[in-house]
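What follows is the residue order along each chain.
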Amino acid sequence: MKKYLTVLICCVAIGIGLNVHIQYVHDHPKKISIALTNIEALAQGETGNGNCRFFGSVDCPYSGDKVLYVE
């Protein structure tokens, strides 16, 4: 009985740990996306001049195209 109870408690603890991990991994990209959006908004500033270079995965704030980097 003691062994059964120990195994049961271990399984419950592992299940709770996996649930917490899965929820964290599921929510984490959303937090990063919001933070990066805020950083890009602050870095862009009030001016509207700049250059977008090459094709990539960054959004150009001037044209809306996907570029490698923004100057």
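For the structure, check the block above.
To keep things clear, this report deals only with the structure shown in the data block. These numbers were taken from a predicted model, which means no experiment stands behind them. (Residues numbered from 1 in each chain as written. Predicted model: local features only at pLDDT ≥ 70, side-chain atom pairs only at ≥ 80, totals over all residues. Heavy atoms only, no water.)

Here we take up the overall build of the protein chain. Counting its secondary structure elements, the protein chain contains 1 helix and 2 strands. If you list the helices and strands of the protein chain from N to C, you get α-β-β. Out of the 71 residues in the protein chain, the part that is buried amounts to 3%. Taking all contacts inside the protein chain whose residues are at least 6 apart in sequence as the whole, residues at least 24 apart take part in 0%. Accessible area of the protein chain: about 6300 Å², with a carbon and sulfur share of 66%. (Helix = DSSP H or I, 4+ residues; strand = E, 2+ residues; numbered from the N terminus. Buried < 20%, exposed > 50% of the residue type's maximum accessible area, 1.4 Å probe, protein only. Contact = heavy atoms within 4.5 Å. Areas by Shrake-Rupley, 256 points an atom, 1.4 Å probe, with all protein chains shown as cover.)

Right, let's talk about the pattern of salt bridges for a bit. On inspection of all chains with the given rule, the structure shows 1 salt bridge. Between D59 and K66 there is a salt bridge, with its nearest N and O atoms 2.8 Å apart. Accessibility expressed as a relative area gives 45% for K66, which makes it partly exposed. (Salt bridge = Lys/Arg side-chain N within 4 Å of Asp/Glu carboxyl O.)

Further remarks concern the state of the cysteines. Tallied over the entire structure, the rule returns 1 disulfide. The disulfide bridge from C52 ends at C60, spanning 1.8 Å between sulfur atoms. The sign of the S-S torsion, about 65°, decides the handedness of the disulfide formed by C52 and C60: right-handed. With no disulfide of its own, C10 lies closest to C11 among cysteine sulfurs, the gap being 7.0 Å. Judged by relative accessible area, C11 falls into the partly exposed class, the value being 49%. (Disulfide = S-S within 2.5 Å.)

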